[in-house]
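# Working through the structure, step by step
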Amino acid sequence: MRGLRPLVEKEVKDLLRDPRIYIGLIGPVIMFPIIGFAISMAASQAAEAAMGELTVMVIDEDETETSRRFISLLSNVGLKVIDAGSKSLDEAVKSAEKSGSKALLVIRRGFEESLRQFGRVNIEVYSIMRSMGFESMGVQAAVGNVLGRASDILSSTLISKIAPNVDPEVLRNPLNVTEYTVVKGRVIHAPPGSIFGQIVMGYGVMVPVFLFVIAMSVAQIAATATAVENEEKTLETLLTFPVSRYDILLAKLLGSSVVAVLGGIIFAVGFLLYFQISLGGLGLNLEMGGPLRELPPPPPQSYILLAASMILAILFMTSLGVVLGALSSDVRIAGSLLGVIVIPIMLPSLLIIYASVNSLPLPLQIIVYAVPTSYPMIMAREMIFTPMPMQVLYGIPYSAALTLMVLYATSKILTPEKLLTLQHKIKMRRMKGKAGRELE
Amino acid sequence: MADERIVEIKGLVKQFGGLTALNGVSFSVDEGEIFGLIGPNGAGKTTTLRILATLLLPTSGYVRILGYDVVKEASKIRELISYLAEDAGTYRNLTGYEYLSIVARIYFKSKRDVEEAVEEAARISGLGDRIMDKMKTYSRGMKRRIQVARALMTRPKLAILDEPTAGLDVFHAQHVRDIIKRHVSNGGSVILSSHNMLEVEHLCTRLAFIHRGRIIMEGEPQEVKDLYGVSNLEEAFLEVLKR
């Protein structure tokens, strides 16, 4: 173990100073806020456009007192109305586009007659899209909103005519439902959908996404770090030092994990900034966990179990990265192998985002349980309801054993003789594949 | 157990699949010697040195360093040797000083030994202030000098140097030769390979010609030249091949 500390130091310094690594690490903290800012700007523009004067052109085919009053109602609830006169639909559409109107409304003949008989009336709305941006969507939503308000006023007027002493709102929505959810014996003042949404977003999605990003980065960092040793011909020298193969691997594992966790923290900061900026711009409530606060938090041992399963998943992915890097004579080959091997390994555990493991068919369940990255995801999903899920308790020693097995197997191939043979085979296979594709 | 003979090789065979790279190589290196392996490309020089450096396993034969078996006692051997590969690379993002310091901490326990080794290596490399620069900014010659310094700073009982002066200009090549000689005068032994016959003639106390995986001649430089009545090792090598 004497050489472990300097070797870890070498790994961390060499990785953190490598542009291929640090650009990848710094990227999210710059990119996410920029994307968030762009979304926020677009959302603000949409809101401003929706708040501003909305011009619509109207074709009044009914030409009755009621239709004219309806048009005047539209003006009162916030629309600037241009009368299309006796233009045909095609002419009116062209004219509306030219005049900068956001929509063309067509009041069909029989509007007044239908209302008199308490029937439904048809209004056709031709929304004029000038771009696919947020602004355009915001404006169209605002037009829809104004029409909704006008419809409410119309319905209130009609109800008042039939039953002058009745609150129109009661007739429209006679049931006043207040929803509660019972979780672990506690009554929470929120509908189950909202609780489910928060659990899924907070634990079932955020944790898996975070883990997926860390797991992918750790595998990539470890693979790159090891492949670079082959590419730069430094591994040969390293293997003649008085340190065990296991220590060399452990140093790679620890160095890559330290850098990946650092990258994970930067990613999380970037991701939070993205949410803060983009959702803030959209005017959405950023407060997470509102109704969930009424639930007792998971006990500390749940968090310990989550952390342990997460650390083991990261170490497992690192060991895979080291194996792939060792088998690659250069970084490019390592990148190709990562795509082919690591992503399919991660995929089964991502199924947990969409469904609980028990609801999956048995073969898929077996695959999910075989992958150590599944356990932190299961834990994150279950910890609110079951503090110590049995499958995670079994999964921890399993993940540790599998990681050690991968490390042991890797230390066995970490001799130049075996590595060169394996690297040569992979290179030849890759070249054959490439030649085959070129021939095709 | 260790004995006084530094390297002892008998009947060494190394096969890569169907290719026989070494076919019954035998020689020995004694304490305080600079032993040169000379031969054309593909003769088996690097394979021999890699086996001595515990990187490759012999197919058959007897290979011992300071009495330790290269197959069974590889970890003990790694504490006594240092190896300089012909195409040894460097860590691009570390400075020369950081690299030497990391290697020194692997070999030495005490802080004082580490500092002394790094200072010595920095002096050997002759890089001056550039030792504090990242190694990706080094020229090929500078990288070679830092690797030579790394290989010798650990004061190995046996330094295994594959083409130690490859890529160096005449001044730096001479500098490295002087360092190798000093290493031997301080009690170390060296086995090296080289294409440069002149270098071997002036540097090595003993040498072996290797061709197609076999040792075809072994002796002191002057002895070899006298035997074939030639003025330099290059002529001697060609003469051996003719016969």
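Residues numbered from 1 in each chain as written. Chains lettered and ligands numbered in written order. Predicted model: local features only at pLDDT ≥ 70, side-chain atom pairs only at ≥ 80, totals over all residues. Heavy atoms only, no water.

## Things to note about the confidence of the model for chain A
Residue and element names in this part refer to chain A. Test applied: Every residue carries a pLDDT, the predictor's confidence in it, which falls somewhere between 0 and 100. Secondary structure counts use DSSP, requiring at least four H or I residues in a row for a helix and at least two E residues in a row for a strand, with both numbered from the N terminus. We call two residues in contact whenever any of their non-hydrogen atoms come within 4.5 Å of each other.
On average, residues of chain A score 80 in pLDDT, and 83% of them reach the 70 mark or higher. The secondary structure element of chain A with the lowest average pLDDT is helix 16 (residues 416–439), at 63, and the one with the highest is strand 3 (residues 103–107), at 91. Long-range and interchain partners of residues 284–288, a stretch whose pLDDT sits below 50, account for nine contacts in this model, where long-range means more than four residues apart.

## Topic: the sheet that holds strand 7 (residues 158–162) of chain B
All names here are of chain B. Heads up, the rule is: Pairing between strands is defined by DSSP: at least two bridges between the two strands are required. In this description, a line fitted to the C-alpha atoms serves as the axis of each element, helices being fitted only across the stretch in contact, and the angle between N-to-C directions of two axes falls anywhere from 0 to 180 degrees.
Strand order in the open sheet formed by six strands is 6-7-8-3-9-10, and the pairing between neighbours is mixed. Looking at the sheet topology across the chains shown, the edges are occupied by strand 6 (81–84) and strand 10 (214–219). If you compare each strand with its neighbour and ignore which way they point, the axes differ by 15 degrees on average. Pairing of strand 6 with strand 7, which is carried by four bridges, proceeds in the parallel orientation. Directly across from Leu 84, in strand 7, lies its bridge partner Leu 161. Relative to the sheet, helix 5 (residues 140–153) contacts strand 6 and strand 7, its axis offset from that of strand 6 by approximately 170 degrees. Lying over the sheet, helix 6 (residues 170–185) contacts strand 3 (34–38), strand 7 and strand 8 (189–194), oriented at roughly 150 degrees with respect to strand 8.

## Examining the interface of chain B and chain A
Note the threshold: When two parts are put together, the accessible area they lose, computed with a 1.4 Å probe and summed over both, is reported as buried area. Salt bridges are defined as contacts in which a side-chain nitrogen from Lys or Arg sits within 4 Å of a carboxyl oxygen from Asp or Glu. We call two N or O atoms a polar contact when they sit within 3.5 Å, provided that within protein one can donate a hydrogen and the other can accept it, with sequence-adjacent residues counted only if both atoms are side-chain atoms.
Across the boundary between the two partners, chain B contributes 30 residues, which contact 28 residues of chain A. Here chain B and chain A share an interface that buries about 2800 Å² over both sides, 54% of which is from carbon and sulfur atoms. In terms of surface lost to chain A, no three residues of chain B exceed Leu 55, Tyr 91 and Ile 106 of chain B, which account for 25% of the buried area on that side. Inspection of the chain B/chain A interface yields four salt bridges. The salt bridge partner of Glu 9 of chain A is Arg 105 of chain B, with a shortest N-O separation of 2.7 Å. Between the two partners, chain B and chain A, sit nine residue pairs in polar contact (both at pLDDT 80 or more).

## Quick word on helix 6 of chain B
For an α-helix, 3.6 residues make a turn, and residues three or four places apart therefore share a direction. Residue and element names in this part refer to chain B. Definition in use: Expected helix span is taken as 1.5 Å per residue step, with the number of steps being one fewer than the number of residues. Exposure categories follow from relative accessible area, calculated using a 1.4 Å probe and restricted to protein chains: below 20% of the type maximum is buried, above 50% is exposed, and the middle band is partly exposed. Arc definition: directions from the helix axis to the C-beta atoms.
The end-to-end C-alpha separation of helix 6 is 23 Å, in line with the 22 Å expected for 16 residues at 1.5 Å each. Taken together, the buried positions of helix 6 are occupied by Ala 173, Val 176, Arg 177, Ile 179, Ile 180, His 183 and Val 184. One side of helix 6 carries all its buried residues, which in axial view fall inside an arc of 160 degrees. Those residues of helix 6 that are exposed and aimed more than 90 degrees away from the buried face are Phe 171 and Ser 185. The inward-facing, buried residues of helix 6 abut strand 3, helix 4 (111–125), helix 5, strand 7, strand 8 and helix 7 (197–203). By the N-cap criterion, in which a side-chain oxygen at the helix start approaches the backbone nitrogen of a residue two or three places on, helix 6 is capped by Asp 169, the distance to Phe 171 being 3.1 Å. In the segment just after helix 6, Gly 187 is the residue with positive phi, at about 105 degrees.

## Some words on the packing of aromatic side chains
The condition that has to hold: Two rings from Phe, Tyr or Trp (for Trp, the six-membered ring) form a pair when their centres sit within 6.5 Å of each other. Planes less than 30 degrees apart are called stacked, planes more than 60 degrees apart edge-to-face, and all others tilted.
Taken as a whole and assessed by the stated rule, the structure comprises seven aromatic pairs over all chains. Ring geometry for Tyr 369 of chain A versus Tyr 375 of chain A: centroids 6.4 Å apart, planes at 25 degrees, classification stacked. On the accessibility criterion, Tyr 369 of chain A (23% relative accessible area) is partly exposed. Here Tyr 375 of chain A falls in the buried class, since its relative accessible area comes to 5%. Taking the centre distance of 4.9 Å and the plane angle of 75 degrees together, the rings of Phe 209 of chain B and Phe 237 of chain B count as edge-to-face. Note that Phe 209 of chain B is positioned in strand 9 (residues 206–211) and Phe 237 of chain B in helix 9 (residues 233–242), a separation of 28 residues in sequence. A single burial state applies to Phe 209 of chain B and to Phe 237 of chain B, both of which are buried.

## Re empty space enclosed by the protein
Residue and element names in this part refer to chain A. Quick reminder of the rule: The pocket and cavity definitions rest on a 1 Å grid over protein atoms only: a 1.4 Å probe that fits but cannot leave marks a cavity, an open set with protein on both sides within 12 Å along at least five of seven lines marks a pocket, and residues lining either have an atom within 4 Å of a point. Grid points are joined across faces, edges and corners, and a volume is the space filled by probe spheres set on the points. Amino acids outside the nonpolar list (Ala, Val, Leu, Ile, Met, Phe, Trp, Tyr, Cys, Pro) and the charged list (Asp, Glu, Lys, Arg) are all regarded as polar, and Gly is one of them.
Tallying each qualifying case throughout the model produces two cavities of 30 Å³ or more. Space inside the largest cavity adds up to approximately 150 Å³. Secondary structure elements with two or more residues in the lining of the largest cavity: helix 1 (4–16) and helix 8 (192–231). Of the residues in the lining of the largest cavity, the class split is four nonpolar, four polar and nine charged. Looking at the second largest cavity, its volume works out to about 30 Å³. What lines the second largest cavity is simply Thr 226, Leu 235, Ile 248, Leu 249, Lys 252, Val 322 and Leu 414. Here the lining of the second largest cavity takes three residues from helix 10 (residues 245–281), the largest share from any one element. For the lining of the second largest cavity, a count of residues per class yields five nonpolar, one polar and one charged.

## A closer look at the sheet that holds strand 2 (residues 19–29) of chain B
Taken in spatial order, the four strands line up as 2-1-4-5 (chain B) in an open sheet, and their pairing is antiparallel. Two strands bound the open sheet, and with one partner strand each, they are strand 2 and strand 5 (68–69) of chain B.

## Observations concerning the side chain of Thr 181 of chain A
As for its position among the elements, Thr 181 of chain A is in strand 5 (residues 181–183). Beyond its immediate stretch of four places on either side in the chain, Thr 181 of chain A contacts Arg 186, Val 187, Ile 188, Ala 190, Pro 191, Pro 192 and Ile 195 of chain A.

## Some thoughts on the environment of Leu 233 of chain B
Assignment of secondary structure puts Leu 233 of chain B in helix 9. The contacts of Leu 233 of chain B, once residues within four sequence positions are left out, are Ile 38, Met 197, Val 200, Glu 201, Leu 207, Phe 209, Pro 221, Val 224 and Lys 225 of chain B.

## Some words on the environment of Ile 277 of chain A
Residue and element names in this part refer to chain A. Assignment of secondary structure puts Ile 277 in helix 10. By relative accessible area, Ile 277 is classed as partly exposed at 27%. With 242 residues separating them in the primary sequence, Ile 277 and Ile 35 have C-alpha atoms 8.9 Å apart.

## Regarding the pairing of strand 1 (residues 7–16) of chain B
Side chains on a regular strand alternate between the two faces of the sheet. All names here are of chain B. Bridge count between strand 1 and strand 2: eight bridges; the pairing is antiparallel. Residue Leu 12 lies in a different strand from strand 2, and its bridge partner there is Val 25. Taking the residues that link successive antiparallel strands as the turn, the strand 1-strand 2 hairpin has two residues, and the phi of Gly 17 there is positive, at about 60 degrees. Across five bridges, strand 1 lies against strand 4 (residues 60–65) in antiparallel orientation. Across the sheet, Lys 10 pairs through a bridge with Tyr 62, a residue of strand 4.

## Focus on the packing of helix 12 (residues 331–354) of chain A against helix 14 (residues 374–382) of chain A
Geometrically, a packed helix pair is captured by the angle between its two axes and the distance between the axes. Residues and elements named next belong to chain A. In plain terms, the rule: Angle categories: roughly parallel below 35 degrees, roughly antiparallel above 145, roughly perpendicular from 65 to 115, and oblique for all the rest.
Taken N-terminus to C-terminus, the directions of helix 12 and helix 14 make an angle of 10 degrees; their axes are 9 Å apart at the nearest point. Regarding the angle of helix 12 to helix 14, the classification is roughly parallel. Facing Met 346, Ser 349, Leu 350, Ile 352, Ile 353 and Tyr 354 of helix 12, the residues of helix 14 in contact are Ser 374, Met 377, Ile 378 and Arg 381. Per-class residue counts for the contact of helix 12 with helix 14 are seven nonpolar, two polar and one charged.

## Quick word on the pattern of salt bridges
Residues and elements named next belong to chain B. The final tally for this structure, using the stated rule, is 22 salt bridges over all chains. A salt bridge links Arg 112 to Glu 116, with the nearest nitrogen and oxygen atoms 3.5 Å apart. Placement of both Arg 112 and Glu 116 in helix 4 is noted, with a separation of four residues, approximately one turn of the helix. Its salt-bridge partner being Glu 199, residue Arg 177 comes within 3.0 Å of it at the nearest N-O pair. Taken together, the positions of Arg 177 in helix 6 and Glu 199 in helix 7 put the pair 22 residues apart, joining distant regions of the chain.

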